[in-house]
Amino acid sequence: MSSRRARASNLGEDEINELVSKLQALLPHSSSRCTRREQMPPWKILEETCGYIKRLHREVDNLSERISQLLASTDATGDVDVADFVRSLLRQ
Amino acid sequence: MNTYNMVKQEFIKKWITTLHMLDSSVDHPTNVTERKNAIKLSSDLAIAAARSGATVWSRAIISRTGNKTTNKPVARRILKKARNRMKNRCTTVRRNGSLKAKIRMRKRTELLKSLVPGGESINNKDYLIRETLDYIVYLRAQVDVMRSVAAVDLVIGDLQNVPRNK
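Here's what I pulled together on the structure shown here. No experiment lies behind these values; they were computed from the predicted model shown.

Thresholds applied
Residues numbered from 1 in each chain as written. Chains lettered and ligands numbered in written order. Predicted model: local features only at pLDDT ≥ 70, side-chain atom pairs only at ≥ 80, totals over all residues. Heavy atoms only, no water. Helix = DSSP H or I, 4+ residues; strand = E, 2+ residues; numbered from the N terminus. Buried < 20%, exposed > 50% of the residue type's maximum accessible area, 1.4 Å probe, protein only. Contact = heavy atoms within 4.5 Å. Salt bridge = Lys/Arg side-chain N within 4 Å of Asp/Glu carboxyl O. Axes fitted to C-alpha atoms, helices over the stretch in contact; angles between N-to-C directions. Parallel < 35°, antiparallel > 145°, perpendicular 65-115°, else oblique. Left-handed = near helix turned anticlockwise from the far one by under 90°. Nonpolar A, V, L, I, M, F, W, Y, C, P; charged D, E, K, R; others polar. Buried area = accessible area lost by both parts, 1.4 Å probe. Polar contact = N/O pair within 3.5 Å; in protein donor to acceptor, adjacent residues only side chain to side chain.

### Notes on the overall build of chain A
Check the secondary structure of chain A and you find three helices and zero strands. Starting at the N terminus, the α and β elements of chain A follow one another as α-α-α. Per-residue burial for chain A yields a buried fraction of 35% across its 92 residues. In chain A, once contacts between residues fewer than 6 apart in sequence are set aside, the share between residues at least 24 apart is 22%.

### Notes on the pattern of salt bridges
Overall, the coordinates contain 16 salt bridges over all chains when judged by the stated rule. Close ionic contact of Asp 61 of chain A with Lys 36 of chain B constitutes a salt bridge, the shortest N to O distance being 3.0 Å. Here Asp 61 of chain A, found in helix α2 (residues 42-74), pairs with Lys 36 of chain B, found in helix α2 (residues 32-50), and the two come from separate chains. A residue is classified by how much of its surface remains accessible, and Asp 61 of chain A, at 23% relative accessible area, is partly exposed. Residue Lys 36 of chain B is classed as buried on the basis of its relative accessible area of 12%. In this structure, Arg 64 of chain B and Asp 44 of chain B form a salt bridge, with 3.8 Å as the shortest nitrogen-oxygen distance. Taken together, the residues span a long stretch of sequence, with Arg 64 of chain B in helix α3 (residues 56-66) and Asp 44 of chain B in helix α2 at a distance of 20 residues. Looking at Arg 64 of chain B, the relative accessible area reads 38%, which means it is partly exposed.

### A look at the packing of α2 of chain A against α2 of chain B
It is at 8 Å that the axes of α2 of chain A and α2 of chain B come closest, and there the two elements cross at 125°. Judged by the angle between their axes, α2 of chain A and α2 of chain B are oblique. At the point where α2 of chain A passes α2 of chain B, the crossing takes the right-handed sense. Residue-level inspection shows Val 60, Asp 61, Ser 64, Glu 65, Ile 67, Ser 68, Gln 69, Leu 71 and Ala 72 of chain A of α2 of chain A in contact with α2 of chain B, the latter providing Val 32, Arg 35, Lys 36, Ile 39, Lys 40 and Asp 44 of chain B. Each residue belonging to the contact of α2 of chain A with α2 of chain B can be placed in one class, and the counts come to six nonpolar, three polar and six charged.

### A few points about the interface of chain A and chain B
Often, the extent of an interface is quoted as the loss of accessible area upon association of its parts. Counting residues at the interface gives 49 residues for chain A, matched by 48 residues for chain B. Contact between chain A and chain B buries roughly 5,000 Å² in total, counting both sides, with carbon and sulfur atoms accounting for 70%. Counting the contacts that link chain A with chain B gives six salt bridges. In this structure, the salt-bridge partner of Arg 108 of chain B is Glu 47 of chain A, at a minimum N-O distance of 2.6 Å. One can count 10 residue pairs in polar contact (both at pLDDT 80 or more) joining chain A with chain B. When residues of the side of chain A that touches chain B are traced back to their parent elements, those giving at least two are α1 (13-26), α2 and α3 (82-90) of chain A.

### Comments concerning the side chain of Thr 109 of chain B
Here Thr 109 of chain B shows up in helix α5 (residues 99-115). Judged by its relative accessible area of 12%, Thr 109 of chain B falls in the buried class. Discounting residues that sit within four places of it in the chain, Thr 109 of chain B has contacts with Leu 46 of chain A together with Lys 125 and Leu 128 of chain B.

### Points about the side chain of Ser 68 of chain A
Its location among the elements puts Ser 68 of chain A in helix α2. The exposure class assigned to Ser 68 of chain A is buried, which follows from its relative accessible area of 0%. With residues up to four places along the chain from it excluded, the contact list for Ser 68 of chain A reads Val 32, Arg 35, Lys 36 and Ile 39 of chain B.

Structure below.
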């Protein structure tokens, strides 16, 4: 990885493509599409990235809901310290 | 990935802190929906805090959360830290390629900018992609940790119900 901050003015197509292929590396493999790891066109990578971020956002939303419900089911008095609850779960 | 585990650990640390913020806030959430929103808010704030406000996306989350949270002193502390790191990095856009490809890229780029917090303020494409790469790592950590917490649901559910034959 070449210096990030030094070269501010002369960012060529190559550098951007390199970054974009790093994005591709982060995307989850979808078995229905590329069976071998072929290079997706940059616009496609961006598109997949957007879809991926949206999915992650939805997951956070769903998981927040589930954790809230989990709390509700174990918290009879309404006095549960959420932080302690989460901490104890993560220590398992 | 060692770095990834560090990210998760940092997120967990910060999430416990933001959840404490929640617990000690005056407006204690009562129903499931309120709690859900509070959990989500604290979780988002936690990934931003884990990044120490060193990126555009994390600062954007912190400043948008600052308006929502009821525990002002803690939010102000985190915001102050973020402001100290604020740097103006906007540079001009570089464009290459055919018009059609340019338009296609631009549309995708605009969408991406709307999805990454603070993305709209980033004009440099190189910078936007770096922010995106960074943001995704932290988003994944957020999801992984929250999944672990939510997964306990299965265990507790089994304990509360009549034990079934496995």
